[in-house]
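# Summary of structural features
Spelled out, the chains give:
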Amino acid sequence: MRSSFLGSLCVLLLLRAPLCCSDEDTSNTGNPCCHFPCQHQGVCVRYALDRYECDCTRTGYYGENCTVPEFWSRVRELLKPSPDSIHYFLTHFKWLWDVINCTFLRDVLMRLVLTARSTLIPSPPTFNSKYGYLSWESYYNVSYYTRILPPVPEDCPTPMGVKGKVVLPSPELLVNKLLLRRTFRPDPQGSNLMFAFFAQHFTHQFFKTHNSMGLGYTKALAHGVDAGHIYGDNLARQLKLRLQRDGKLKYQLIDGQMYPPLVADAPVKMNYPPGTPPELQLAIGQEVFGLLPGLGMYATLWLREHNRVCDILKAEHPTWDDDQLFQTARLIIIGETIRIVIEEYVQHLSGYLLKLKFDPSLLFNAQFQYSNRIALEFVQLYHWHPLMPDSFFIDGDELSYEQFLFNTSVVTQYGVEKLVDAFSRQVAGQVGGANNMHAVVTGVAVRTIIESRLLRIQSFNQYRKRFKLQPYTSFTQFTGEEEVAGELEDMYGDIDALEFYPGLLLERTRPGAIFGESMVEMGAPFSLKGLLGNPICSPEYWKPSTFGGQVGFDLVLSASLKKLVCLNTRTCPPYVAFHVPEETSAPNGHMDDEL
């Protein structure tokens, strides 16, 4: 699910040592910035052992701790509705949205959504895991993930600054008590396994943690949608995957159907367990995509789509060489990906009745920077492992994890059509709320918590404030469940000491939603900034000639999940979507037999 946590154990021993001390008096903290005194994105600058200053420049606030609103800030505070009120409005009153979606108001509101969300992400980037202050290195060194908030200072009395206990709860205890699944809880929004595998497939092109280099590093050369999960994340890997003819990628034919080539024919590094037979080792752009057949299914679909696009481009441009066909096809694939993500994936995830629209021209007259850096917080946030069911149902068969993991024969034997139909019908788990993570993936959650501590990520409430949300005042308010709130109180001692990643998963969910307020309000800005900050969305790129003319441009403008599947299979599967059919899903994570 995420890159392995290589090379961090020695650092873990060093950094956990201070956390094992006995309780101490925190009234004299030494570093005044450990209190996080500067509000509203004010910057705490330490001058002496006990003296600091808050830089309130362009925050809209002033005063010693940036707490006094300027006139227009006060007006905005009075008029701005709460995130829950906005969400309620966007997810109710269908009759009104049916009208709005057919008028110019759709564009107006879509532009407002894009600008309001994107401005929450700093551009250029600010901090990284080495520097908790602005530096040239933080901006220039793209080997690091960026950070939205700086790390907790190293000399604070508690792991979260001054709040909470000196010793954080054991990650294993936290996961086993509060995250480990007891009974499968289906997502009330109806997300299915097509959605779950798409989320993982899509994000692994830019989530490529490289902790063997050091904490907070990424292997990705590009910080966004570059289709590196299809083409490889470097030129050497790309060239091994390319056919070197007509712009196409290498492939193998099984029963006349196109599948990724074998590693023997495209010798790229893949992460298969020792002893995996050579005939099951598929060569894919992302080295971990042999892990799950759902990832292999999407890899197969995009391989077929790339080669199909190359045929279309060659017919339009018979004079083009292999490289121009390949490079232009890649731009088209990136455009198709972004359109599917915004208009179907994010649309489903949001639950909005406003019909989302992929139209980069909406931002051409706005202040917008066409660049992106993946943030460490975004990587932490996107661990949605509760989506995974207890087992997998395909064409009448039930497959356990033992039968499913690292078994690429599931893709080639069942075929893409049967996998798409099966995954479209099987409901995924609800991400938010306690105790819905399958035991197979709890180890990833443990490593994620350990990583967040090594990187000294600030508390959940600090991020609530950073994204203009009200901080929670108690664990009961936060989770809405007395038993879970009591466990968290015992573990952390103070709501302001709750960690970022557990906070995102354990927050009370919105009614009928896949997760809580914070996941949406923090995740959406990262997503939309990354998608619309792509170079193809800029005025210089967003025109037909970039995509080989109007025919290629139309491929981008008309892309959909169903087209991706049905134009690349012999027969269109009976059901293709990111949500299960309207019928009620069964409690064990698969649809009723009559479906």
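Predicted model, so just to flag it, every value in this text is computed and none were measured. (Residues numbered from 1 in each chain as written. Predicted model: local features only at pLDDT ≥ 70, side-chain atom pairs only at ≥ 80, totals over all residues. Heavy atoms only, no water.)

### Things to note about the overall build of the protein chain
- Regarding its fold elements, the protein chain presents 24 helices and eight strands.
- With respect to the three principal axes, the spread of C-alpha positions in the protein chain is 75 × 50 × 50 Å.
- Relative to its full complement of 595 residues, the protein chain shows a buried share of 57%.
- Long-range contacts, defined here as pairs at least 24 residues apart, represent 71% of the contacts in the protein chain between residues at least 6 apart.
- Here the protein chain contributes 53 positive and 62 negative side-chain charges, whose respective centroids are spaced 5 Å apart. (Helix = DSSP H or I, 4+ residues; strand = E, 2+ residues; numbered from the N terminus. Buried < 20%, exposed > 50% of the residue type's maximum accessible area, 1.4 Å probe, protein only. Contact = heavy atoms within 4.5 Å. Lys, Arg positive; Asp, Glu negative; His and termini not counted. Charge placed at Lys NZ, Arg CZ, Asp CG, Glu CD.)

### Let's talk about the pattern of salt bridges
- Applying the stated criterion to the full structure yields 25 salt bridges.
- For Asp359, the salt bridge goes to Lys357, with nearest N and O atoms at 4.0 Å.
- Accessibility expressed as a relative area gives 16% for Asp359, which makes it buried.
- Judged by relative accessible area, Lys357 falls into the partly exposed class, the value being 21%. (Salt bridge = Lys/Arg side-chain N within 4 Å of Asp/Glu carboxyl O.)

### Section: the packing of helix α11 (residues 293–316) against helix α16 (residues 416–425)
- Between α11 and α16, the shortest axis-to-axis distance is 10 Å and the interhelical angle comes to 125°. Compared by their axis directions, α11 and α16 come out oblique. Crossing handedness for the pair α11 and α16: left-handed. Contacts between α11 and α16 involve Pro293, Gly294, Met297, Thr300, Leu301 and Arg304 from the former and Val416, Leu419, Val420 and Phe423 from the latter.
- A class-by-class count of the residues in the contact of α11 with α16 yields seven nonpolar, two polar and one charged. (Axes fitted to C-alpha atoms, helices over the stretch in contact; angles between N-to-C directions. Parallel < 35°, antiparallel > 145°, perpendicular 65-115°, else oblique. Left-handed = near helix turned anticlockwise from the far one by under 90°. Nonpolar A, V, L, I, M, F, W, Y, C, P; charged D, E, K, R; others polar.)

It is worth stressing that arrangement in space is one thing and function is another; only the former is reported here.
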